[in-house]
Amino acid sequence: MPQAAAAADDRIPVGGGGLSAVIRYTENGIPHIFARDYAQLGFGTGWAQAADQVCVLADGFVTVAGERSRWFGADAAPDFSLSSATKNLSSDLYFKGVRESGTVEKLLATPAPAGPTKDLKELMRGWAAGYNAWLAQNKVTDPACKGAGWVRPVTTADVAARGFAVSVLGGQGRGVDGITAAQPPGTASTPGAPGAAGAASAAAAPEGTDPAAAAEAAREFFDTGRYDMGSNAVAFAGSTTASGRGLLLSNPHYPWQGGRRFWQFQQTIPGELNVSGASLLGTAVVNIGFNEKVAWSHTVATGTPVNLHQLVLDPADPTAYLVDGKPERMTRRTVTVPVAGGDPVTRTQWWTRFGPVVSDLGAGLPLPWTAQTAYALNDPNAANLRGSDTALAMGRARSVAGIQDALKRTQGLPWVNTVAADSAGGTLFTQTQVLPRITDELAARCSTALGRATYPASGLAVLDGSRGDCAIGSDPDAVQPGVFGPGKAPTLQGAPYAENSNDSAWLANADRPLTGYERIWGSVATPRSLRTRGAVEDVSAMAAKGRLTVADLQKQQFADRAPAGDLAAADAAKACAALPGGTATATDGTAVDVSAACGVLAGWDRTTDSASRGALLFDRFWRRLTASTPARDLWLVPFSAADPVRTPRTLNQAAPGIGRALADAVAELKAAGIALDAPLGEHQFVVRGGRKLPVGGGTEALGVWNKIEAPWNAAAGGYPEVVHGSSHIQAVGWDGGHCPVARTLLTYSQSSNPGSPYYADQTRLYSEQRWVTARFCERDILTSPKLKVVLVRERR
């Protein structure tokens, strides 16, 4: 053990009847947590997270306890960090049902590998104790929850419940409104004996369903480009780098407020674990990070984490369904939720062998419960509490092979890909995630009419639940039944670069496309997003140039190139200049002088740097144009699977929407008093501590790597607050020394408390495109000019 490490270890008391840990804080309030075992490591982690984020954490624990209506009212909206529920009441009905059914406790009691390991359970136990100890020993000063009755101690089960919510975020969590709203029809319309001829056929589509509309609705519902989570990540092999060792650039896109923020830290148990990175709030492990030998990141994957079973109901009872002609009764889950200022609300949810009955998957995909038919949602991640075990195993890995082994052993990732690089020069992309075992053969054999529309479009299978031979099988290398084993996951090893920007695995490397996987994993030979196209162009050029360093990764993060601008700005300027009299007709029918816009578009530097002039005009124009003009009418050269990065291209200057979008954008900016050539950062910014901080980067529509999404508010100056986008950024490599070479940024800073010195410090760095030099090795931690060493312990 290094001498410095031993010194830190000596500060941790032995015995005393309670947990303890040493926390060494360095610049930007980043804690380095040092402990003897996993329970004490969890203790230090829970304490340090509470110190920075107690209100956000407490709010999330109210959510998973099913008590939002009690404290905040039934009709208010949650922050969507732990589910897509649109109101507190539906959130509470779901999460209280989960708790009262003992779901989490059963998962905690499941032996590994299907259930959590002892190390993880000790981490969670310690995290709860650390959070509670911080509450007991400190006053809450954050105005978001100061003095609030809902800030309370938690249990290990509460921590696990939060992990469960994250696991089902892409499945049951997206269907909460539909699960809690689903109710049987008032009377059965076709009385008779079970299995009678009056029973509906599951092959039929819901009455009035348009297959094309259902396919589009399912595609939109599972479209990763529409999520408030996404990411870019790229790994470069040693053959492309100056050192002959790997490089990793990680740029996850997550919400800037609420319970899905990242939090930055390092965890050390001497001789056992030494890992640095970031976790999602409320979790006790590093989710995205690096150690001495390997670095990894995750990107939201295109795998569809659920499927539907279309049920044929017993003609005598709409709460019973038929499987091979035999009836099975649904299970009632009756939940009562206390409501602030009103009477408690009681509702019943209905569960089947396949999962809960659901009334819809979004407004565009209704799933009506009739006397003949209902739909059950299968989410295998509702039996998966292994995500943090996967993260823990990755933190202990020593190579990309070790990362892959960790993924295979634990199989805990619910909705993400993994991209990794190591100090030996290796690279990895893999979509090892927990998916229902829907093969193309099964979908072809067992899809209902609805499924035949939705599966090709989105990977959402709708299987005939009345047939036993349509049951989902299991793979021999899977740790739980009904899911694909890791051997079926699309995987790319050892490529010069491996990149993902939330499209399917197909173009993780454009020179080595991945094919042959089942549709549920994602599509092949389909159009890529502009962000994917721009990313592949950039990273393939970087790999071809070679001699790459961490500094090159830093330049890529803040290049702020707008692929949409490269494709269309020049042609848009020409179309503008060709408008008769320099005028165009706006949507409201008014004539608008757009002549000044032509030169601004032509002169724009095609970036979304905060100093860029013309970026804001193009952004407002492009959003309107792409929202109103189908791709087939927008481009002269259509998509080609043989040239997926360069197609579609060449803007159709005659597209009728161009003039209208220009007129609307120009009129909008003029009405807001914003110059057409105003620097982007004057109107895309955040305000912290009364100071306006310009923010570069751009929206998904523009395809910018450094993604930033902000609601338009003309009265407040344009884009006055970021809601999601670049979050915990890391650029990691190795130079042959003992320590990794790492630069990081937590764009929204460590704390949500406006009174904290770490509320906006990294946000200022992000605004200025500056980085934090990671302190990983002991000598770097102990020589920090901001070093503060704190011993934290339980008081009993």
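Residues numbered from 1 in each chain as written. Predicted model: local features only at pLDDT ≥ 70, side-chain atom pairs only at ≥ 80, totals over all residues. Heavy atoms only, no water.

Asks: In this structure, what is going on with unusual backbone geometry? I would like to understand it.
Replies: Following alanine 112, the chain continues into proline 113 via a peptide bond in cis, with omega recorded as 10 degrees. On the secondary structure map, proline 113 appears in the loop between helix H5 (103-109) and helix H6 (118-137). With omega at -5 degrees, the peptide bond leading from threonine 647 into proline 648 counts as cis. You can see proline 648 is positioned in the loop between strand S23 (635-637) and strand S24 (649-651). Of note, phenylalanine 80 is a non-glycine position whose phi angle comes to about 70 degrees, a positive value. Here phenylalanine 80 falls in the partly exposed class, since its relative accessible area comes to 36%. (Helix = DSSP H or I, 4+ residues; strand = E, 2+ residues; numbered from the N terminus. Buried < 20%, exposed > 50% of the residue type's maximum accessible area, 1.4 Å probe, protein only.)

Asks: Looking at this structure, how should I read helix H2 (residues 38-64)?
Replies: Note that an α-helix has 3.6 residues per turn; residues three or four places apart therefore point the same way. Between its first and last C-alpha, H2 extends only 24 Å over 27 residues, short of the 39 Å set by a 1.5 Å rise per residue. Considering bend angle alone, the principal kink of H2 is centred on glutamine 53 and spans about 100 degrees. Two to three positions downstream of the cap, the backbone nitrogen of alanine 39 sits 3.3 Å from a side-chain oxygen, assigning the N-cap of H2 to aspartate 37. Downstream of H2 by one or two residues, glycine 66 has phi in the positive range, about 70 degrees. (Expected span 1.5 Å × (residues − 1). Bend = angle between axes of the 7 residues up to and from the residue. Polar contact = N/O pair within 3.5 Å; in protein donor to acceptor, adjacent residues only side chain to side chain.)

Asks: Is there a simple way to think about the state of the cysteines in this case?
Replies: Where two cysteines share a covalent bond between their sulfur atoms, that bond is called a disulfide. On inspection of all chains with the given rule, the structure shows four disulfides. Between the sulfur of cysteine 576 and that of cysteine 598 lies a disulfide, 2.0 Å long from S to S. Here the S-S torsion is close to -75 degrees, and the disulfide linking cysteine 576 with cysteine 598 is therefore left-handed. With a gap of 22 residues between them, cysteine 576 in helix H16 (residues 563-577) and cysteine 598 in helix H17 (residues 595-603) connect regions that are remote in the sequence. Each of the two residues, cysteine 576 as well as cysteine 598, counts as buried. Once the bonded cysteines of the protein are numbered in order along the sequence, the disulfide links fall as 1-2, 3-4, 5-6, 7-8. (Disulfide = S-S within 2.5 Å.)

Asks: Just checking my understanding: could you explain the sheet that holds strand S19 (residues 491-493) for this structure?
Replies: Backbone-to-backbone hydrogen bonds join strands into a sheet, with any given pair of strands oriented parallel or antiparallel. Reading across the sheet, the 10 strands line up as S19-S17-S16-S8-S7-S6-S5-S2-S1-S32 and stay open at both edges, with mixed pairing between neighbours. A strand with exactly one partner marks an edge of an open sheet, and here the two such strands are S19 and strand S32 (788-793). With strand direction ignored, the average angle separating the axes of adjacent strands in the sheet is 20 degrees. Note: strand S1 (residues 20-26) against strand S2 (residues 30-34), five bridges, orientation antiparallel. Residue pairing for S2: arginine 24 is matched across the bridge by histidine 32. Along the sheet, helix H11 (residues 400-410) contacts strand S8 (294-300), strand S16 (416-422), strand S17 (427-430) and S19; its crossing angle with S16, the most-contacted strand, is approximately 155 degrees. (Pairing = 2+ DSSP bridges. Axes fitted to C-alpha atoms, helices over the stretch in contact; angles between N-to-C directions. Contact = heavy atoms within 4.5 Å.)

Asks: Explanation requested: the side chain of aspartate 571 in the structure shown.
Replies: With respect to the helices, strands and loops of the structure, aspartate 571 is situated in helix H16. For the buried aspartate 571, no salt bridge is present, and the opposite-charge side chain at shortest range is lysine 574, 4.2 Å distant. (Lys, Arg positive; Asp, Glu negative; His and termini not counted. Salt bridge = Lys/Arg side-chain N within 4 Å of Asp/Glu carboxyl O.)

Asks: I'm lost on the packing of H6 against helix H7 (residues 156-167) in this one. Help?
Replies: A packed helix pair is summarised by two numbers, namely the angle formed by the two axes and the spacing between the axes. One can describe the packing of H6 onto H7 by two numbers: an axis separation of 8 Å at closest approach and a directional angle of 115 degrees. With respect to H7, the element H6 is oriented roughly perpendicular. For the pair H6 and H7, the sense of crossing is right-handed. Two secondary-structure elements touch here, H6 through Lys121, Met124, Arg125, Trp127 and Ala128 and H7 through Thr156, Val159 and Ala160. Each residue belonging to the contact of H6 with H7 can be placed in one class, and the counts come to five nonpolar, one polar and two charged. (Parallel < 35°, antiparallel > 145°, perpendicular 65-115°, else oblique. Left-handed = near helix turned anticlockwise from the far one by under 90°. Nonpolar A, V, L, I, M, F, W, Y, C, P; charged D, E, K, R; others polar.)

Asks: Whenever I open this one, the packing of aromatic side chains confuses me. Can you help?
Replies: All told, the structure shown has 23 aromatic pairs when counted by the stated rule. On the basis of an interplanar angle of 15 degrees and a centroid distance of 5.4 Å, the ring pair of phenylalanine 618 and tryptophan 622 is categorised as stacked. In this pair, phenylalanine 618 and tryptophan 622 both sit in helix H18 (residues 615-628), four residues apart, roughly one turn of the helix. Like tryptophan 622, phenylalanine 618 is buried. Seen from the ring of phenylalanine 222, arginine 174 lies directly overhead, with NZ or CZ sitting 6.0 Å from the centre. Its guanidinium or amino end placed over the ring of tryptophan 351, arginine 333 lies 3.8 Å from that ring's centre, counting from NZ or CZ. (Phe/Tyr/Trp six-rings, centres within 6.5 Å; stacked < 30°, edge-to-face > 60°. Lys NZ or Arg CZ within 6 Å of the ring centre and 35° of its normal.)

Asks: What's the story with the sheet that holds strand S12 (residues 331-337) in this structure? I'm lost.
Replies: Ordered by their spatial adjacency, three strands build an open sheet running S12-S13-S14, and the pairing between neighbours is antiparallel. With one partner strand each, in any of the chains shown, S12 and strand S14 (355-356) form the two edges of the open sheet. Bridge count for strand S13 (residues 345-352) against S14 is two bridges, and the pairing is antiparallel. Across the sheet, the residue bridging to threonine 352 is glycine 355, located in S14. Helix H4 (residues 88-100) rests against S12 and S13 of the sheet, and its axis sits at about 120 degrees to S12.

Asks: Looking at this structure, I do not really get the pattern of salt bridges. What am I missing?
Replies: Side chains that differ in sign of charge can pair as their charged atoms come close. Counted by the stated rule, this structure contains 37 salt bridges. Of the charged contacts, one joins aspartate 75 and lysine 87 as a salt bridge, the two residues approaching to 3.8 Å between their closest N and O atoms. Here lysine 87 lies in the loop between helix H3 (68-72) and H4 and aspartate 75 lies in the loop between H3 and H4, a separation of 12 residues in the sequence. Arginine 691 is the salt-bridge partner of glutamate 768, the closest N and O atoms lying 3.8 Å from each other.

Asks: Could you clarify how one ought to interpret the nonpolar core in this entry?
Replies: Across soluble globular proteins, nonpolar side chains have a tendency to be buried as a group. By size, the foremost hydrophobic cluster in this structure holds 174 residues, and its most contacted members are Tyr131 and Phe236. Examining the composition of this core, we find that 15 residues originate from one element, H2, more than from any other. Not counting residues up to four positions away in its chain, the partners in contact with phenylalanine 236 are Thr241, Gly246, Leu247, Ala421, Thr427, Pro496, Tyr497, Val539, Met542, Ala543, Leu548 and Leu553. Judged by nonpolar contacts, the second largest core, of 45 residues, contains Ala568, Phe618, Leu651 and Tyr719. (Core = buried A, V, L, I, M, F, W, Y, C linked by side-chain atoms within 4.5 Å.)

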